[in-house]
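Structural features, examined
Take a look at the letters that make up each chain.
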Amino acid sequence: MPRHLLFVFLDGVGLGGTDPAVNPFARLPLPGFARLAGGARWTHEAPTLERPTHVFQPLDATLGVPGLPQSGTGQATLLTGVNCAARAGRHYGPFPHTTSRPLLAANNLFHQVQRLGLPFEEPAAFANAYPDRFFTYVERSDRWTVTTRCCLDAGVRIRTHADLVQGDALAADVTAGGWPQRDPHLEPLTEAEAAHRLAGLARRHAFTLFEHFHTDKAGHSRSFDRAEAVLTSLDRFFDALLDALDPAHTLLLVTSDHGNIEDLSTKSHTAHPVPLAALGDGAHHFAATHDLTGVAPAIVAALEDGRAR
């Protein structure tokens, strides 16, 4: 049975300090996050794990470029394996920098997975649904996010409101409780229901990406109430997802592009390292990953290694 890899991308999550006055990870009980880190809180004191089926370690998000990391260059780096901040000469965001666009068009991670020749009708998938107003906006402005630009370039379907209603996608907030498009047929999910839905999607593809950006929004708000709501919901989701996945066949990867929510004393991003958690068969491929450039190559290596499994 070929290996599946599920990549849960969290926007704006770093490994910060241990002061509960500024870091919600240091204040809140978050057992689901702790399972991803081998029982530790997500702070800079979390020990590095390098086991064959469980890796947890910090990644450098600054990429050797002065200034605070930004989503555009950070996400493009994660989804190409190329240091897009160095290529641009600065950190840039939230949309792709012009110097990143050729890389995304020719060799983004969806392309790389498709070229492996894995035995799936759709080897690569993006699990997020977008409301109709998103498509109206981007078709007028051509301001696609990094991930949706990668989908366009690689011919990966961008899921819609209809997919969400039909149970074939997730909302970025996991439950769809904040979904902006009203529909009597759309019922919000529990975090456990969302986790089982995503696990089901992952079983249909070699590589599935799910993107959660509400962590970054909560960080910019500097609101502990908002951070607590986002993180406790995610915590329930991760706890259920770890139970729903078969670690012998589905490798779970969780990482981020830059810090933010872990320091609510500032409205800006941070220079903190970001967490990388890999759980399941093939996790060892991420043990040598030390900055954002190493994530895409490790994903490809894990899928190549699992081709005959």
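Structure shown above.
Computed from a predicted structure; not experimentally measured. (Residues numbered from 1 in each chain as written. Predicted model: local features only at pLDDT ≥ 70, side-chain atom pairs only at ≥ 80, totals over all residues. Heavy atoms only, no water.)

What to know about the overall build of the protein chain
Secondary structure assignment for the protein chain yields 13 helices and nine strands. Taken over C-alpha atoms, the radius of gyration comes to 18 Å for the protein chain, in line with the 19 Å a tight globule of 309 residues would show. When contacts within the protein chain are restricted to residue pairs at least 6 apart in sequence, long-range pairs at least 24 apart make up 72% of them. Accessible surface for the protein chain amounts to roughly 11,800 Å². Of this, 52% is attributable to carbon and sulfur atoms. Between the mean site of the 26 positive side-chain charges and the mean site of the 33 negative ones, the protein chain shows a separation of 4 Å. (Helix = DSSP H or I, 4+ residues; strand = E, 2+ residues; numbered from the N terminus. Rg over C-alpha atoms; globule rule 2.2 N^0.38 Å. Contact = heavy atoms within 4.5 Å. Areas by Shrake-Rupley, 256 points an atom, 1.4 Å probe, with all protein chains shown as cover. Lys, Arg positive; Asp, Glu negative; His and termini not counted. Charge placed at Lys NZ, Arg CZ, Asp CG, Glu CD.)

What about empty space enclosed by the protein?
To locate leftover empty space, one rolls a probe as large as a water molecule over the atoms. With the rule as written, the count across this model stands at one cavity of 30 Å³ or more. In terms of lining residues, the largest cavity is bounded by Phe7, Phe9, Gln75, Leu78, Leu79, Thr147, Leu209 and Glu211. Elements represented by at least two residues in the lining of the largest cavity include exactly strand 1 (4-10), helix 3 (71-78) and strand 7 (207-212). Counted by class, the lining of the largest cavity contains five nonpolar, two polar and one charged residues. (1 Å grid on protein atoms, 1.4 Å probe; cavity = no way out; pocket = protein on both sides within 12 Å on 5 of 7 lines; lining within 4 Å. Points joined across faces, edges and corners; volume = space filled by probe spheres on them. Nonpolar A, V, L, I, M, F, W, Y, C, P; charged D, E, K, R; others polar.)

So, the sheet that holds strand 9 (residues 274-279)
Read from one edge of the open sheet, seven strands run 2-3-9-8-1-7-4, paired in mixed fashion. Here the strands that pair on one side only, and so sit at the sheet edges, are strand 2 (49-51) and strand 4 (124-126). Put simply, the sheet's adjacent strands are angled 15° from each other on average, direction ignored. Bridging between strand 4 and strand 7 involves three bridges; their strand directions are parallel. (Pairing = 2+ DSSP bridges. Axes fitted to C-alpha atoms, helices over the stretch in contact; angles between N-to-C directions.)

Some thoughts on the pairing of strand 1
For strand 1, a buried count of seven out of seven residues is recorded, marking the element as mostly surrounded by other parts of the structure. With burial as the criterion, each face of strand 1 is covered, one bearing His4, Leu6, Val8 and Leu10 and the other bearing Leu5, Phe7 and Phe9. Bridging between strand 1 and strand 8 (residues 250-256) involves seven bridges; their strand directions are parallel. Paired with phenylalanine 9 across the strands is threonine 255, a residue of strand 8. Pairing of strand 1 with strand 7, which is carried by six bridges, proceeds in the parallel orientation. Looking at the pairing, phenylalanine 9 lines up with glutamate 211 of strand 7. (Buried < 20%, exposed > 50% of the residue type's maximum accessible area, 1.4 Å probe, protein only.)

Focus on the layout of surface pockets
Put simply, the largest pocket is a space of about 850 Å³. Lining the largest pocket are 30 residues, and of these Tyr130, Phe134, Thr145, Phe213 and Lys217 lie nearest its centre. Within the residue set of the lining of the largest pocket, elements represented by two or more residues are helix 3, strand 5 (129-130), helix 7 (132-141) and helix 11 (214-221). The class makeup of the residues in the lining of the largest pocket is 13 nonpolar, 10 polar and seven charged.

As for the nonpolar core
The nonpolar side chains of a soluble globular protein tend to be buried with one another. Grouped together as the largest cluster of nonpolar side chains are 53 residues, with contacts concentrated most on Leu5, Phe110, Phe207 and Ile299. The leading source of residues in this core is helix 13 (residues 295-305), at seven residues. (Core = buried A, V, L, I, M, F, W, Y, C linked by side-chain atoms within 4.5 Å.)

Quick look at the environment of valine 254
Note on placement: valine 254 falls in strand 8. In sequence terms valine 254 and leucine 36 are 218 residues apart; their C-alpha atoms lie 8.5 Å from each other.

Points about the state of the cysteines
Applying the stated rule across the entire model yields zero disulfides. The structure places no disulfide on cysteine 84, whose sulfur is separated from the nearest cysteine sulfur, that of cysteine 150, by 9.3 Å. Residue cysteine 84 is classed as buried on the basis of its relative accessible area, which comes to 0%. Considering cysteine sulfurs only, cysteine 151 is the nearest to cysteine 150, which forms no disulfide, with 7.1 Å between them. (Disulfide = S-S within 2.5 Å.)

Examining the side chain of glutamine 112
For glutamine 112, the position within the fold is in helix 6 (residues 109-114). Given the relative accessible area of 14%, glutamine 112 is considered buried. Contact partners of glutamine 112, with chain neighbours within four places excluded, come to Thr80, Asn107 and Val300.

A short note on the environment of arginine 35
Mapping arginine 35 onto the fold places it in helix 2 (residues 31-36). A C-alpha to C-alpha distance of 28 Å links arginine 35 and leucine 164, two positions 129 residues apart in sequence. Sequence-distant contacts of arginine 35, defined by excluding residues within four places in its chain, comprise His54, Asp239, Leu242, Asp243 and Leu279.

Notes on helix 8 (residues 146-154)
Of all nine residues that make up helix 8, seven are buried, and the element is covered over most of its length. Every buried residue belonging to helix 8 is among Val146, Thr147, Thr148, Arg149, Cys150, Cys151 and Ala154, and all of these are buried. Looking one or two residues past helix 8, glycine 155 carries a phi angle of roughly 70°, positive in sign.

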